[in-house]
Amino acid sequence: MAIITHHHLLLRELRFAAPARVRVWKGAATLKSGGVAVELQEGESFTVPPFVRFSCLAHPRVTAQGMRPAVWSLALETEASADMERAADTSKPHARRLAAAIFAQPAADWCAERIARDWQISTARLRALLFAEGESLRSLVREQRVAWVLAQLARMEDAGASPAAAGFASLSALQRACQDLIGLPSGIAGRALSLLSSHPRPPATTQDDQARQPRYRPYF
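Residues numbered from 1 in each chain as written. Predicted model: local features only at pLDDT ≥ 70, side-chain atom pairs only at ≥ 80, totals over all residues. Heavy atoms only, no water.

**Q** Got a minute to help me understand the pairing of strand β10 (residues 70-76) in this structure?
**A** Where a strand is regular, its side chains alternate between the two sheet faces. Most of β10 sits out of view: 5 of its 7 residues are buried. Judged from the 6 bridges that link them, strand β3 (residues 20-26) and β10 form a sheet pairing that is antiparallel. Among the inter-strand pairings, V22 is bridged to a residue of β10, identified as L74. (Buried < 20%, exposed > 50% of the residue type's maximum accessible area, 1.4 Å probe, protein only. Helix = DSSP H or I, 4+ residues; strand = E, 2+ residues; numbered from the N terminus. Pairing = 2+ DSSP bridges.)

Encoded structure:
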């Protein structure tokens, strides 16, 4: 599945516990992480290693007929290869473990007491582990809930990407989080969600079919 971007759109500080593959179907995109930049042209893709923060700038094409939108997709790999694991951010094992759990169940009650009980440690120990990795439980929960929403929009597979399904109390809370964390304007986030919720689940296709021709809706 793919997203249409009608103008230059920068999504920043993206981070997923699994490898994230960005593919450009039309136009171009720039991926940046730290001091490294990867330029993607039409038909190219790049997989960002697990838990590495990156930004994605989509570039529409300028043609003789005018501006043509960029079409791009983001898909998470179910498993990380040995090469991906070697390139992953391994400095935050506890935060990555928790991020993966939150992403899998974004609407769950992610309180310190529940997590500490599951991990069989004290809440003080849990907070200390996250603090040592430069993370906090509250920010990690909010970040991964937004990451889940973006992944749903990029895949366009499910009509269930609602604020409640993502663990947010309201649409406005979700929109604020998208704006604050990844730079997705609140109006665009709301419009994207409304389009997704009104679009029925597409019929199943084979992997080869998806590689040949993406389906999309003009979200942005």
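**Q** Can you walk me through the pattern of salt bridges in this structure?
**A** Between side chains of opposite charge, a pair can form when the charged atoms approach closely. What the rule picks out here adds up to 11 salt bridges. Salt-bridge contacts for R53 lead to E13; the nearest nitrogen and oxygen are separated by 3.7 Å. Here R53, found in the loop between β6 (45-48) and β7 (54-59), pairs with E13, found in strand β2 (residues 9-14); they are 40 residues apart in sequence, far enough to count as distant. The class of R53 is partly exposed, set by a relative accessible area of 31%. Note that R15 is salt-bridged to E143, the shortest N-O span being 3.1 Å. Of the two residues, R15 is situated in the loop between β2 and β3 and E143 in helix α5 (residues 137-155); the sequence distance between them amounts to 128 residues. Of the residues examined, R15 reaches a relative accessible area of 2% and is grouped as buried. Using a relative accessible area of 10% as the deciding quantity, one classes E143 as buried. (Salt bridge = Lys/Arg side-chain N within 4 Å of Asp/Glu carboxyl O.)

**Q** What am I meant to see in the packing of α5 against helix α6 (residues 171-182) here?
**A** Helices that pack against each other are described as a pair by the angle of their axes relative to one another and the distance between those axes. For the pair α5 and α6, the least separation of the axes is 10 Å and the interaxial angle reads 100°. Comparing their axes, α6 and α5 come out roughly perpendicular. Along the contact surface, α5 presents R142, E143, V146, V149 and L150, while α6 presents L174, R176, A177, C178, D180, L181 and I182. Counted by class, the contact of α5 with α6 contains 8 nonpolar, no polar and 4 charged residues. (Axes fitted to C-alpha atoms, helices over the stretch in contact; angles between N-to-C directions. Parallel < 35°, antiparallel > 145°, perpendicular 65-115°, else oblique. Contact = heavy atoms within 4.5 Å. Nonpolar A, V, L, I, M, F, W, Y, C, P; charged D, E, K, R; others polar.)

**Q** Would you take a moment to explain α5 for this structure?
**A** In an α-helix, one full turn covers 3.6 residues, which means residues spaced three or four apart are oriented alike. Relative to the 27 Å expected for 19 residues at 1.5 Å per residue, α5 spans 27 Å between its end C-alpha atoms, a close match to the ideal helical length. Of all 19 residues that make up α5, 15 are buried, and the element is covered over most of its length. (Expected span 1.5 Å × (residues − 1).)

**Q** Could you clarify how one ought to interpret the side chain of Q144 in this entry?
**A** By secondary structure assignment, the location of Q144 is in helix α5. Excluding anything up to four places from it in sequence, Q144 contacts R15, A99, I102 and F103.

**Q** Help me out: how do you make sense of the packing of aromatic side chains in this one?
**A** Geometry of an aromatic ring pair is reported as the spacing of the ring centres plus the angle between the planes. Under the definition given, this model contains 2 aromatic pairs. Between F16 and F54, the aromatic rings sit 6.5 Å apart at their centres with planes inclined by 40°, giving tilted as the arrangement. Taken together, the positions of F16 in the loop between β2 and β3 and F54 in strand β7 put the pair 38 residues apart, joining distant regions of the chain. Each member of the pair, F16 as well as F54, is classed as buried. Relative to F103, the ring of F16 lies with its centre 6.3 Å away and its plane at 80°, an arrangement referred to as edge-to-face. Residue F16 is found in the loop between β2 and β3, and its partner F103 is found in helix α2 (residues 93-104); the two are separated by 87 residues along the sequence. F16 gets classed as buried once you look at its relative accessible area, which sits at 3%. Three or more aromatic residues link up through ring pairs in this structure, and these residues are F16, F54 and F103. (Phe/Tyr/Trp six-rings, centres within 6.5 Å; stacked < 30°, edge-to-face > 60°.)

**Q** Is there a simple way to explain the nonpolar core in this structure?
**A** The nonpolar side chains of a soluble globular protein tend to be buried, and buried together. Among the nonpolar cores identified, the biggest contains 40 residues, and L11, L14, F16 and F54 are the most heavily contacted of them. Elements that contribute at least two residues to this core include exactly β2, β3, β4 (28-33), β7, β10, α5, α6 and α7 (186-197). Top element by residues in this core is α5. It accounts for 8 residues. Built from parts of two domains, this core gets at least three residues from each of domain 1 (1-78) and domain 2 (90-198). (Core = buried A, V, L, I, M, F, W, Y, C linked by side-chain atoms within 4.5 Å. Domains from an automatic or database assignment.)

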